[in-house]
Amino acid sequence: MKKGLVFLGPPASGKGTQAQRLAEELEIACLSTGALLRSALSVGSPLGEKAKPFLDRGEYVPDEIMVPIVIEWVSNQSEGWLLDGFPRTVHQAEALDRALESNQPQAIVLHVPDDELRKRVIRRLECESCHRVSRSGDDEFCPDCGGLLNTRDDDSPEKFESRLSEFHRLVFPTIQYYCDRGRARIVNGVGSLDDVWRRVRI
Ligand code: ADP
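Residues numbered from 1 in each chain as written. Predicted model: local features only at pLDDT ≥ 70, side-chain atom pairs only at ≥ 80, totals over all residues. Heavy atoms only, no water.

## Quick word on the packing of aromatic side chains
Between two aromatic rings, the relevant description is the distance of the centres plus the angle of the planes. Tallied over the full model, the rule gives two aromatic pairs. When the centroid spacing of 5.5 Å and the interplanar angle of 80 degrees are considered together, the rings of Y177 and Y178 count as edge-to-face. Of the two residues, Y177 and Y178, neither departs from the other in class, the shared state being buried. Between the NZ or CZ atom of R88 and the centre of the ring of Y60, over which it lies, the distance is 5.0 Å. Sitting over the face of the ring of Y177, R181 holds its NZ or CZ atom 3.7 Å from the ring centroid. (Phe/Tyr/Trp six-rings, centres within 6.5 Å; stacked < 30°, edge-to-face > 60°. Buried < 20%, exposed > 50% of the residue type's maximum accessible area, 1.4 Å probe, protein only. Lys NZ or Arg CZ within 6 Å of the ring centre and 35° of its normal.)

Below, the structure written as structure tokens:
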């Protein structure tokens, strides 16, 4: 199995967009745990049912639910891979390292100040069909697939603040975990999508 990458960043940091772009550039498989959960929720699968109460409150889904799903996905990759939004807790990071043994992943961390995130989330829209992210004011339909653009359910001010505080409480220590092991690259996430992309792809 080839080495993997994990992409960490606060809500509305542009993590999903940059992660997807990087996976395309490197021609590797990408799993977004947030997109996976939203799609499970929309089809009402057993995973969606289990995750719903947490997502409704803007909380993270428990490790017992997330870890087995991601470990199974990673174990099935024979080429390189990238995880967008996992790990989010030190326990998730440790579980991933244990499963991968000597092939432990590198982390890319997008850094964006909280006030900038609050400004961004107000304008964030997502395509109902292909989940491409855009900004309000640009268009009503997705430029990629023509799907309807909507505000994400978890982008309401209350849920957003809750996700941000979950990020501080749980993901900060996870970033520290990768820094302590010399496996983190911190990228400045402020600027246009292309500015940030130039920093990510170095
Ligand atoms: P954001 O990073 O903006 O919160 P995501 O699309 O990455 O957006 O994730 C949306 C939500 O899905 C998170 O707020 C969280 O509730 C849940 N989630 C995603 N990945 C994980 C994970 N690894 N562990 C726990 N919950 C997760």
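Here the narrative resumes, following the displayed structure.
## With respect to empty space enclosed by the protein
Overall, the coordinates contain one cavity of 30 Å³ or more when judged by the stated rule. As a volume, the largest cavity reaches approximately 40 Å³. Lining the largest cavity are F7, L8, G9, K15, G85, F86, P87, R88, F167 and V171. For the lining of the largest cavity, the secondary-structure elements that each account for two or more residues are β1 (4–8) and α7 (157–180). By residue class, the composition of the lining of the largest cavity is six nonpolar, two polar and two charged. (1 Å grid on protein atoms, 1.4 Å probe; cavity = no way out; pocket = protein on both sides within 12 Å on 5 of 7 lines; lining within 4 Å. Points joined across faces, edges and corners; volume = space filled by probe spheres on them. Helix = DSSP H or I, 4+ residues; strand = E, 2+ residues; numbered from the N terminus. Nonpolar A, V, L, I, M, F, W, Y, C, P; charged D, E, K, R; others polar.)

## Looking at the environment of V61
Along the chain, the position of V61 falls in the loop between α3 (46–56) and α4 (63–75). Residue classification places V61 among the buried residues on the basis of a relative accessible area of 7%. As for V61 and L170, which are separated by 109 residues in sequence, their C-alpha atoms are 12 Å apart. Not counting chain neighbours up to four residues away, the residues in contact with V61 comprise L37, A51, F54, L55, M66 and Q92. (Contact = heavy atoms within 4.5 Å.)

## Let's talk about the pattern of salt bridges
One pass over the full model with this rule turns up 13 salt bridges. Of the charged contacts in the structure, one is a salt bridge between K52 and D56, with a shortest N-O distance of 2.8 Å. Remark: D56 and K52 occur in helix α3; sequence separation between them is four residues, near one turn of the helix. Taking the relative accessible area as the measure of exposure, K52 reaches 39% and is therefore partly exposed. Residues E166 and R169 are paired through a salt bridge, measuring 2.7 Å at the closest nitrogen-oxygen approach. One end of the pair, E166, and the other, R169, are both in helix α7, three residues apart, so they sit about a helical turn from each other. Judged by its relative accessible area of 9%, E166 is buried. (Salt bridge = Lys/Arg side-chain N within 4 Å of Asp/Glu carboxyl O.)

## Things to note about the packing of helix α2 (residues 33–43) against α3
Two numbers describe a pair of packed helices, the interaxial angle and the distance between the axes. Two elements in contact, α2 and α3, have axes separated by 8 Å at closest approach and are oriented at 110 degrees. What the angle tells us is that α2 and α3 run roughly perpendicular. Contact residues: α2 offers L36, L37, A40 and L41, while α3 offers L47, G48, A51, K52 and L55. Here the contact of α2 with α3 is composed, by residue class, of seven nonpolar, one polar and one charged. (Axes fitted to C-alpha atoms, helices over the stretch in contact; angles between N-to-C directions. Parallel < 35°, antiparallel > 145°, perpendicular 65-115°, else oblique.)

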